[in-house]
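# Examination of the molecular architecture
If you want the building blocks of each chain, they are given just below.
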Amino acid sequence: MTIDDEEATRPASLVDTLPSRHRTVLRLRLAHRLPVVEVARILGTNVEAVLLLQHAALDMLRGRLAAEAGQEDGPADHRY
């Protein structure tokens, strides 16, 4: 595996570190491009909960990426 290959797979491996529901929401919303209403139906929850999970998941990823890059002023890595 080259450095480019490692960089390309890093975001996917970071997603794998997320809690299950956060990971599921991101995959359904981003990889499968499902609308929020459909994700809520699949998960048996409401639109607001899906949006909160999505926001929290993206915030966690930003924090982890910032930490890896050595940036101290990135978003906090919240535990949801």
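Residues numbered from 1 in each chain as written. Predicted model: local features only at pLDDT ≥ 70, side-chain atom pairs only at ≥ 80, totals over all residues. Heavy atoms only, no water.

Of regular secondary structure, the protein chain possesses four helices and zero strands. Its helices and strands in sequence order give the protein chain the pattern α-α-α-α, from N to C terminus. By the burial criterion, 28% of the 80 residues in the protein chain qualify as buried. A sequence separation of at least 24 residues applies to 44% of the contacts in the protein chain between residues at least 6 apart. Surface exposure of the protein chain reaches about 5,500 Å², of which carbon and sulfur atoms provide 55%. (Helix = DSSP H or I, 4+ residues; strand = E, 2+ residues; numbered from the N terminus. Buried < 20%, exposed > 50% of the residue type's maximum accessible area, 1.4 Å probe, protein only. Contact = heavy atoms within 4.5 Å. Areas by Shrake-Rupley, 256 points an atom, 1.4 Å probe, with all protein chains shown as cover.)

In this section: the packing of helix H3 (residues 36–43) against helix H4 (residues 47–69). When two helices pack together, their arrangement is captured by the angle between the axes and the distance separating the axes. Following both chains from N to C, one finds H3 and H4 inclined at 100°, their axes separated by 8 Å at the closest point. The orientation of H3 with respect to H4, classified from their angle, is roughly perpendicular. Facing Val36, Val37, Val39 and Ala40 of H3, the residues of H4 in contact are Val47, Val50 and Leu51. In terms of residue class, the contact of H3 with H4 is made up of seven nonpolar, no polar and no charged. (Axes fitted to C-alpha atoms, helices over the stretch in contact; angles between N-to-C directions. Parallel < 35°, antiparallel > 145°, perpendicular 65-115°, else oblique. Nonpolar A, V, L, I, M, F, W, Y, C, P; charged D, E, K, R; others polar.)

A few words now on H3. Three or more residues of H3 are buried, namely Val36, Val39, Ala40 and Leu43. All buried residues of H3 fall inside an arc of 100° around its axis, so they share one side. Exposed residues lying more than 90 degrees from the buried face of H3 are Val37 and Arg41. Its buried side turned inward, H3 meets helix H2 (20–31) and H4. Just downstream of H3, Gly44 is the residue with a positive phi angle, here 70°. (Arc of directions from axis to C-beta.)

Working note: non-glycine residues mostly have negative phi, and peptide bonds are mostly trans. For Arg33, which is not a glycine, the phi torsion comes out positive at approximately 55°. Mapped onto the secondary structure, Arg33 falls in the loop between H2 and H3. Look at Arg33 and you get exposed, because its relative accessible area is 72%.

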